[in-house]
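These are the residues of each chain, in order.
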Amino acid sequence: MATTISLEDLVAQVRTEIGLSDWITVDQPMIDRFAEATNDHQFIHVDPERAAAEGPFGGTIAHGFLTVSLLSAMNYDCIPAVEDQQLSVNYGFEKLRFMAPVKAGKRIRGRFVLSEARRRGQQMMMLRYQVTVEIEGEMKPALTADWLTLIQMDPTALDALE
């Protein structure tokens, strides 16, 4: 996959799948580190024995927000940077849904469809991705979301689009 893409080529790919990340293993140590970072120590995430005995999933599961947080790594893995891009920032989500739990030890990956690319002001482009996080071997995805990012561009690159 190309590591960079022109803004013109990116805009031409609206409504198409633009990236599929590599698999990421979500193991218990990763879940435990996330629990420490967020102070969310619910047993369903951090106590394998209790989760197996009392929980509905047969063991521990990843925090939903851990899965969301891995979107950045998935994005960097499979979506080329835009030429003349100066900065990229997370703008937020519209319609984020947790569809299925990610059990400890499972692998997940992100599938990105670029659904919109539009100019915002003098130097910015807003990109909207329809994201699906797949769980290896599972029918239902872990999550689906409309993810918005802003990229700051050299203004001359944006002017060339018009």
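Remember, predicted model here, so these are calculated numbers, not experimental data.

Rules behind the numbers
Residues numbered from 1 in each chain as written. Predicted model: local features only at pLDDT ≥ 70, side-chain atom pairs only at ≥ 80, totals over all residues. Heavy atoms only, no water. Salt bridge = Lys/Arg side-chain N within 4 Å of Asp/Glu carboxyl O. Helix = DSSP H or I, 4+ residues; strand = E, 2+ residues; numbered from the N terminus. Buried < 20%, exposed > 50% of the residue type's maximum accessible area, 1.4 Å probe, protein only. Phe/Tyr/Trp six-rings, centres within 6.5 Å; stacked < 30°, edge-to-face > 60°. Lys NZ or Arg CZ within 6 Å of the ring centre and 35° of its normal.

Draft legend 1. Summary view of the pattern of salt bridges. Considering all chains together, one arrives at 10 salt bridges under this definition. Notably, a salt bridge pairs Glu134 with Arg109, separated by 2.7 Å at the nearest N-O pair. In this pair, Glu134 sits in strand β7 (residues 124-135) while Arg109 sits in strand β6 (residues 106-120), placing the two residues 25 residues apart along the sequence. Judged by relative accessible area, Glu134 falls into the buried class, the value being 18%. In this structure, the salt-bridge partner of Asp146 is Arg128, at a minimum N-O distance of 4.0 Å. With Asp146 in strand β8 (residues 143-153) and Arg128 in strand β7, this pair connects stretches of sequence that are 18 residues apart. Comparing Asp146 with Arg128, the two get one shared label, buried. Connected through shared salt-bridge partners, Glu94, Glu116, Arg118, Arg128 and Asp146 make up one network.

Draft legend 2. Expanded view of the packing of aromatic side chains. Considering all chains together, one arrives at 5 aromatic pairs under this definition. Each ring, one from Phe93 and one from Trp147, has its centre 5.9 Å from the other, and the planes form 15°; the classification is stacked. With Phe93 in strand β5 (residues 85-98) and Trp147 in strand β8, this pair connects stretches of sequence that are 54 residues apart. Trp147 sits in the buried class, given a relative accessible area of 5%. With 6.5 Å between their ring centres and 50° between their planes, Tyr129 and Trp147 make a pair best called tilted. Of this pair, Tyr129 sits in strand β7 while Trp147 sits in strand β8, and the two are 18 residues apart along the sequence. Exposure class is identical for Tyr129 and Trp147. Each is buried. In textbook terms, an aromatic cluster arises when at least three aromatic residues are bridged by ring pairs, as seen for Phe93, Phe112, Tyr129 and Trp147. Sitting over the ring of Phe43, Arg50 keeps its end group 4.0 Å from the ring centre.

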